[in-house]
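Here is how the chains run, residue by residue.
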Amino acid sequence: MFQLRDRELARAVVERLRERDEPLTAMHVCGTHQDTIVRHGLDGLLRECDVRIVQGPGCPVCVTTPREIEMAIALAEAGVTVATFGDMLRVPGAETSLQTAKARGADVRVVYDINEAVKLAEQGAEVVFIAVGFETTAPTTAAALLRDLPDGFSVLSCHRVIPPAMEAILAAGEVALDGLIDPGHVSVIIGTSPYEDISRRHGIPQVVAGFEPVDVLMAIWMLARQVDEGRSQVENEYRRAVSREGNPRALQAIDDVFEPVDASWRGFPVIPGSKLALRPRFEEHDAARRYEDLLAPVMDRDFEEPPGCICGDVLRGVCAPEECALFGKKCTPRHPVGPCMVSREGSCNIAFRYSHD
Ligand code: SF4
């Protein structure tokens, strides 16, 4: 609920936005921002002010590729215990999902964090933890890998990092953007400095935003002010949580354990330096190396998106969920066709939930 002070501030911001003459299009890359925007009806309010907000690739489960899902399924079907977050079970691979593999008898476990998966391995199981998430969750994976781990435990890293994806969006130029709203949670870890080079090279204003409705509105107002004043800087609306340097201990843990590698994201071609792979010294706990032979057939195949699903376009901000012919018909949160309807951070899931509540 808006506090009274926030309501007054929000009203003042909206009034200022209404007074502007120019339209504004901004992209954010965060499922929580999208939830705030849609849940509080900010999208409709902002449209009245000629402001369009687009969600980019801000859902870690959604950007996981069909190949990565197929790798997890192959491991489960080969008799390895696969442990991961609940959303990952229902994300479709090429023909099936981890949920289907579980129904057929594979040992697929839902865990709330990596430590639960480690405990399973300590009890004697051969366990692969499917590690998904951006810079927000990568430190937890790194911290676990820096401890003594049971021999039977390994990690299939699907971790991605956000700045290279923002760079890819801007370089492709598919959506004409006036500014970027940078993700609050990720920025708590990485700080604001990694965005500075992006603003410099692409001449685009950015504002790191928190998650209250008034945070998002303030961020949009700050972007609008930069546009009107001809500036392209990184500003920080979320100062109560985000610094320029980020969290040095978390960043150090990430750097100790992972190295950035080129990788495709769902809907994107290969994005340089956008995935976190385990460094060679962790190879005994790196599922991609440990099970290299088992996974080879999956690595050799090409995988298509589910027929009719336009998640790739949605993740690039080119299409809205409602433009998908399957939205709300064949594809619902109960029967998702694509990952953007599975995850509560996915645009399709958010659009469906708040239009059908
Ligand atoms: Fe994919 Fe379903 Fe979204 Fe369509 S509505 S883009 S099928 S997730």
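Sequence order as written defines the numbering, with residues in each chain counted from 1. Given that the model is predicted, a residue must reach a pLDDT of at least 70 before its local features are reported, and side-chain atom pairs must reach 80 or more before they are shown or counted; all residues, however, enter totals for whole chains, interfaces and linings. Only hydrogens and water are set aside when side-chain values are computed; all heavy atoms of the structure are taken into account.

Outline the overall build of the chain, supporting the account with residue identities and numerical values.
Numbering goes from the N terminus for both helices and strands, where a helix is a DSSP run of H or I of at least four residues and a strand is a run of E of at least two. Along the chain, the regular secondary structure elements total 19 helices and 11 strands. Atoms considered for the radius of gyration are the C-alpha atoms alone. The globule rule reads 2.2 Å times the number of residues to the power 0.38. On C-alpha atoms alone, the chain measures out to a radius of gyration of 21 Å, which is about the 21 Å that the 2.2 N^0.38 rule sets for 357 residues. Counting only C-alpha atoms and orienting by the principal axes, one finds that the chain spans roughly 65 × 45 × 40 Å. Relative accessible area decides the class of each residue, using a 1.4 Å probe on protein chains only: under 20% of the type maximum gives buried, over 50% gives exposed, and in between gives partly exposed. Out of the 357 residues in the chain, the part that is buried amounts to 56%. Whether two residues are in contact is decided by their heavy atoms, any of which lying within 4.5 Å being enough. In the chain, of all internal contacts separated by at least 6 residues, the share reaching a separation of at least 24 is 75%. Of the accessible surface of the chain, which amounts to about 15700 Å², a share of 48% is contributed by carbon and sulfur atoms. In this count, Lys and Arg are taken as positive residues and Asp and Glu as negative ones, while His and the chain termini are left out. Where a charge sits is defined by one atom per residue type, namely NZ (Lys), CZ (Arg), CG (Asp) or CD (Glu). Charge separation in the chain, taken as the distance between the mean sites of 38 positive and 54 negative side-chain charges, equals 4 Å. Under the convention used here, a 1.4 Å probe and the Shrake-Rupley method define accessible areas, while residue burial counts only the protein chains that appear.

Talk me through the pattern of salt bridges; I want residue IDs and the actual numbers.
One speaks of a salt bridge when a side-chain nitrogen belonging to Lys or Arg is within 4 Å of a carboxyl oxygen belonging to Asp or Glu. As enumerated under the stated definition, the model contains 23 salt bridges in all. Across the pair D255 and R279 runs a salt bridge, and its minimum N-O distance is 3.2 Å. Separated by 24 residues along the polypeptide, D255 in helix α14 (residues 248-257) and R279 in the loop between β11 (270-278) and α15 (287-290) bring together distant segments of the chain. The class for R279 is partly exposed, based on a relative accessible area of 23%. D313 is the partner of R316 in a salt bridge, and the nearest nitrogen-oxygen pair spans 2.9 Å. For R316, a relative accessible area of 15% puts it in the buried group. Connected via shared salt-bridge partners are E167, D197, R200 and R201.

Got a sec to walk through α14? Specific residues and values, please.
An α-helical turn contains 3.6 residues, so a residue and the one three or four places further along point in the same direction. Residues A250, A253, I254 and V257 constitute the buried set of α14. For α14, the buried positions fall inside an angular range of 100 degrees around the axis, keeping them on one side. Against α9 (138-145), α11 (184-190), β10 (258-264) and β11 lie the buried residues of α14. Any pair of N or O atoms that falls within 3.5 Å is considered a polar contact. Within protein, one atom must be able to donate a hydrogen and the other to accept it, and sequence-neighbouring residues count only if both atoms are side-chain atoms. Its side-chain oxygen 3.1 Å from the backbone nitrogen of R249, N247 forms the N-cap of α14. It is the directions from the helix axis to the C-beta atoms whose arc is reported.

Describe empty space enclosed by the protein, with residues and values.
Two kinds of site are reported from a 1 Å grid over the protein atoms alone, namely cavities, where a 1.4 Å probe fits but cannot get out, and pockets, open sets with protein on both sides within 12 Å along at least five of seven lines, and residues are called lining when an atom falls within 4 Å of a point. Grid points are joined across faces, edges and corners, and a volume is the space filled by probe spheres set on the points. Counted under the stated rule, the structure contains one cavity of 30 Å³ or more. Roughly 90 Å³ of internal volume is contained in the largest cavity. Counting residues per element, the ones that place at least two in the lining of the largest cavity are α17 (311-315) and α18 (339-342). The nonpolar class holds Ala, Val, Leu, Ile, Met, Phe, Trp, Tyr, Cys and Pro. Asp, Glu, Lys and Arg form the charged class, and all remaining residues, Gly among them, are polar. Taken together, the residues that form the lining of the largest cavity break down as 13 nonpolar, one polar and no charged.

Talk me through the sheet that holds strand β6 (residues 153-157); I want residue IDs and the actual numbers.
Think of it this way: DSSP has to see at least two bridges between two strands before they count as a pair. Read across the open sheet, the four strands follow the order β4-β3-β5-β6; overall the sheet is parallel. Strands with a single pairing partner mark the edges of an open sheet, and in this sheet they are β4 (108-110) and β6. Taken pair by pair, the neighbouring strands of this sheet meet at an average axis angle of 25 degrees, ignoring direction. Here strand β3 (residues 81-84) pairs with β4 via three bridges, running parallel. Its bridge partner lying in β4, A83 is registered against R109. For helices, the axis comes from a line fit to the C-alpha atoms of the stretch in contact; other axes are also lines fit to C-alpha atoms, and the angle between any two N-to-C directions lies between 0 and 180 degrees.

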